[in-house]
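Listed below are the residues making up each chain.
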Amino acid sequence: MSAVSAVSFIRPLYNRSPGPRGRRHTLPASEFRSLSPEDAISVFEIEREAFISVSGECPLHLDEVRHFLTLCPELSLGWFEEGRLVAFVIGSLWDQERLTMDALTLHKPHGTTVHIHVLAVHRTFRQQGKGSILMWRYLQYLRCLPYVRRAVLMCEDILVPFYRKSGFKVHGPSKITVGPLAFIEMLHPVRGHAFMRRNSGC
């Protein structure tokens, strides 16, 4: 499966205005791209700070971040400013109706559901709407992947309103628990966007 057809959605949100004649800019002011295993440490540092202080648990440990960025980097999206990672989302494919414990660590290459493992924003860039913008771009990107039919995630109750604003609907209590933490499973349909694909350059 290739993500080449969706490249139009992984491009800079805006470019820096040209400088004086002869001046070169080697880094775009803002860039969206898929992540690679080389980004794993930056990803984990942001994730650890964002989640450990709140829930005491990281959705993905460092080895799991590397695992998914090796198996399915095309299902990740990072937001970089001046070459620095400021926000990211990581997903993998799943092949069942509901998430199970196996979904936390497995990538099912023939699945049609994208399991969104984690969305996180660097602490100095929070409260700026970056999480919502990144999720919107990620969902637009998924609509360009012909094998994706829906996106699912699990979150704590307090985050349900945030994901509802991005178009997710509650699918019910998650079957997954992590220690004392319970989660809500949420669903976003991706299928039924053939018209969008034909008219978006996908």
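One structure accompanies this document, and this report is about it. (Residues numbered from 1 in each chain as written. Predicted model: local features only at pLDDT ≥ 70, side-chain atom pairs only at ≥ 80, totals over all residues. Heavy atoms only, no water.)

As a further point, take helix H3 (residues 130–142). End to end, H3 covers 18 Å across 13 residues, agreeing with the expected 18 Å (1.5 Å per residue, within 8%). For H3, the buried fraction is high: ten of the 13 residues fall into the buried class. If you check which residues of H3 are buried, you get Lys130, Gly131, Leu134, Met135, Arg137, Tyr138, Leu139, Gln140, Tyr141 and Leu142. (Helix = DSSP H or I, 4+ residues; strand = E, 2+ residues; numbered from the N terminus. Expected span 1.5 Å × (residues − 1). Buried < 20%, exposed > 50% of the residue type's maximum accessible area, 1.4 Å probe, protein only.)

Each aromatic ring pair is described using two quantities: the centre-to-centre distance and the angle formed by the ring planes. Enumeration according to the criterion identifies three aromatic pairs in this entry. Between Phe162 and Tyr163 the ring centres are 4.9 Å apart and the planes differ by 80°, which places this aromatic pair in the edge-to-face class. Summarising the aromatic geometry, the rings of Tyr163 and Phe168 are spaced 5.9 Å apart at their centres and angled 80° between planes, so their arrangement reads as edge-to-face. By relative accessible area, Tyr163 is classed as buried at 9%. Overall, Phe168 belongs to the buried group, its relative accessible area being 2%. (Phe/Tyr/Trp six-rings, centres within 6.5 Å; stacked < 30°, edge-to-face > 60°.)

Bringing the side chain of Glu64 into the picture now. Positionally, Glu64 belongs in helix H2 (residues 62–71). As a buried residue without a salt bridge, Glu64 has its nearest oppositely charged side chain in Arg66, at a separation of 11 Å. Excluding residues within four positions of it along the chain, Glu64 makes contact with Pro59 and Thr105. (Lys, Arg positive; Asp, Glu negative; His and termini not counted. Salt bridge = Lys/Arg side-chain N within 4 Å of Asp/Glu carboxyl O. Contact = heavy atoms within 4.5 Å.)

What follows concerns the environment of Phe80. You can see Phe80 is positioned in strand E2 (residues 76–81). Phe80 gets classed as buried once you look at its relative accessible area, which sits at 5%. Sequence separation between Phe80 and Ser30 is 50 residues, and the spatial gap between their C-alpha atoms is 5.7 Å. Not counting the four nearest positions on each side in its chain, Phe80 is found in contact with Ala29, Ser30, Glu31, Arg33, Leu35, Asp39 and Leu85.

Okay, the sheet that holds strand E1 (residues 30–33) next. Hydrogen bonds along the backbone pair up the strands of a sheet, which may run parallel or antiparallel. Taking strand neighbours across the sheet as the criterion, the seven strands line up as E1-E2-E3-E4-E5-E7-E6 in an open arrangement whose pairing is mixed. A single partner strand is all that each edge strand has here, and the edge strands are E1 and strand E6 (169–178). Ignoring which end each strand starts from, the neighbouring axes of this sheet average 25° apart. The sheet contact formed by strand E5 (residues 150–155) and strand E7 (residues 181–189) spans six bridges and is antiparallel. From the neighbouring strand, Cys155 faces E7, where its bridge partner is Ile184. Sitting on the sheet, H2 is in contact with E2, strand E3 (84–94) and strand E4 (113–121), with an inclination near 70° to E3. Strands E1, E2, E3, E4, E5 and E7 of the sheet are contacted by H3, whose axis makes an angle of about 155° with E4. (Pairing = 2+ DSSP bridges. Axes fitted to C-alpha atoms, helices over the stretch in contact; angles between N-to-C directions.)

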